[in-house]
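An overview of the molecular structure
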Amino acid sequence: MEIKELVLYNFRNFHYEKAKLSGGLNLILGKNGAGKTNFLEALSFIYSGKGFGDPASEVLMHSAEKGGVMAEFQEGIRDLRKVLYVEESGFKREMNNKPVGRISTFRTHNIVQFLPYDTLLIDGSPEIRRRFFDEIISTVSAEYEKNLRDYYKVLKFRNNYLKTYSNPFKFLDAQDEVFVDLNKKIDETRKKYIELILKRAKVHLYEIENSWDLNLNVENSWDINEPMKFRESVKNEDLRRHVTTWGVSKDDILIDFNGKYAKYTASRGQKRAVVIALKLASLDLYNKLSKKETILLLDDLLYEFDFKRDKSVAEKIRDYRAFVTSTKEVESDNVILIEKGKVIG
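Report follows, based on the coordinates. (Residues numbered from 1 in each chain as written. Predicted model: local features only at pLDDT ≥ 70, side-chain atom pairs only at ≥ 80, totals over all residues. Heavy atoms only, no water.)

Quick notes on the overall build of the protein chain
Looking only at helices and strands, the protein chain features 13 helices and 15 strands. Expected size for 345 residues packed as a compact globule is a radius of gyration near 20 Å; at 22 Å, the protein chain falls within 12% of this value. The proportion of buried residues among the 345 residues of the protein chain is 52%. Across the protein chain, contacts joining residues at least 24 apart in sequence account for 73% of those joining residues at least 6 apart. Put simply, the protein chain shows about 16,900 Å² of open surface, and 48% of that area lies on carbon and sulfur atoms. Averaged over its 58 positive side-chain charges, the protein chain has a centre that lies 2 Å from the centre of its 53 negative ones. (Helix = DSSP H or I, 4+ residues; strand = E, 2+ residues; numbered from the N terminus. Rg over C-alpha atoms; globule rule 2.2 N^0.38 Å. Buried < 20%, exposed > 50% of the residue type's maximum accessible area, 1.4 Å probe, protein only. Contact = heavy atoms within 4.5 Å. Areas by Shrake-Rupley, 256 points an atom, 1.4 Å probe, with all protein chains shown as cover. Lys, Arg positive; Asp, Glu negative; His and termini not counted. Charge placed at Lys NZ, Arg CZ, Asp CG, Glu CD.)

Some points on the packing of helix H5 (residues 126-140) against helix H7 (residues 169-208)
Taken N-terminus to C-terminus, the directions of H5 and H7 make an angle of 90 degrees; their axes are 10 Å apart at the nearest point. It follows from the interaxial angle that H5 and H7 lie roughly perpendicular. Each of Arg130, Phe133, Asp134, Ile136, Ile137 and Val140 in H5 lies in contact with H7, whose residues at this interface are Thr189, Arg190, Tyr193, Ile194 and Ile197. Class assignment for the residues of the contact of H5 with H7 results in 7 nonpolar, 1 polar and 3 charged. (Axes fitted to C-alpha atoms, helices over the stretch in contact; angles between N-to-C directions. Parallel < 35°, antiparallel > 145°, perpendicular 65-115°, else oblique. Nonpolar A, V, L, I, M, F, W, Y, C, P; charged D, E, K, R; others polar.)

Brief notes about the environment of valine 275
In this fold, valine 275 is placed in helix H11 (residues 268-289). Valine 275 gets classed as buried once you look at its relative accessible area, which sits at 1%. Setting aside residues up to four positions removed in sequence, valine 275 forms contacts with Asp118, Thr119, Leu121 and Ile122.

A word on the layout of surface pockets
Empty space within the largest pocket amounts to approximately 1,600 Å³. If you go around the largest pocket, you meet 48 residues; those closest to its centre are Lys50, Arg131, Phe132, Asp134 and Glu135. Taken together, the elements giving at least two residues each to the lining of the largest pocket come down to helix H1 (36-48), strand S6 (90-95), helix H3 (103-106), strand S8 (110-114), helix H4 (120-123), H5, helix H6 (142-164) and H11. Top contributing element to the lining of the largest pocket by residue count: H5, with 10 residues. In terms of residue class, the lining of the largest pocket is built from 19 nonpolar, 14 polar and 15 charged. (1 Å grid on protein atoms, 1.4 Å probe; cavity = no way out; pocket = protein on both sides within 12 Å on 5 of 7 lines; lining within 4 Å. Points joined across faces, edges and corners; volume = space filled by probe spheres on them.)

In short, geometric facts, not functional conclusions.
The following block contains the structure:
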């Protein structure tokens with residue numbers, strides 16, 4: 001499915017701009033602060049339904065009430081028009097003039113992003129690591145995506161009861177059986193796919209530097225062998241805090257580098273290499289288990305690291321449709337020049 005044109009309206013620092021795109025490597029060229037990363041985020045929204053994590057109020061151009069991104073796609077004789085509307089209240093999505101509720105329905109492509117702050121995957125909170133792996137797994141497993149969606153609905157219900165009632169467990173006993181069952185299903189599937197990702201990531205890291213090794217371990221916040229017994233043991237803590245203190249939404253994925261906790265022992269360059277290896281592993285997983293095309297989005301810092309540090313990494317991604325931001329010209333199939341929020345050519 002070929003993207004023909006991208007239109008940005010009151011999106012970040014773009015008032016109203018159009019850009020023609022092509023297959024292969026599209027270079028988004030411009031000075032720092034011109035809007036290159038904003039353009040990359042617009043592509044992420046239009047391909048996958050998600051941006052880089054900011055709320056709609058920050059994505060919307062300052063003082064504007066409405067904005068959005070629109071793209072025209074073509075596959076054979078079939079045309080597809082996708083629109084992301086941005087308002088202060090949130091995002092709305094549309095395909096061929098029909099509203100789309102779920103992001104998974106709007107997502108027509110898989111996205112692998114290489115961004116300067118990606119090392120937060122190692123240095124940041126457990127939530128960042130959970131989100132990273134959950135998005136990969138949800139992309140290739142509809143069952144996992146559904147279980148996660150159901151889990152967060154039950155979790156919201158459970159937390160509301162913990163906040164509202166002095167003795168909520170007389171209402172939650174039956175519901176907690178469902179909650180525990182979802183925890184078990186998600187944990188089992190998550191570990192299975194993390195093992196698959198790890199196997200491929202080890203290979204990619206070895207090819208970057210053959211003395212480096214990587215390991216991933218899920219650290220559970222609950223007893224996976226006797227979850228109902230554990231649930232009984234933390235009732236008082238849940239009551240005291242008025243919130244659920246355990247479950248797959250509290251688990252962490254520990255990243256070890258050469259046998260030690262990467263967050264504290266790996267250098268910045270080593271952390272970047274680990275993240276690149278994990279993202280290349282996600283690319284492998286998409287190729288094996290998903291029928292959708294994968295699009296690569298590469299922002300300045302990690303793109304330069306990839307191509308200067310190790311040419312084998314460049315070879316791995318060269319055959320994909322990619323959008324790369326840079327302050328200087330490099331070999332590409334198409335150049336999109338950006339100056340102060342304007343698409344020049």
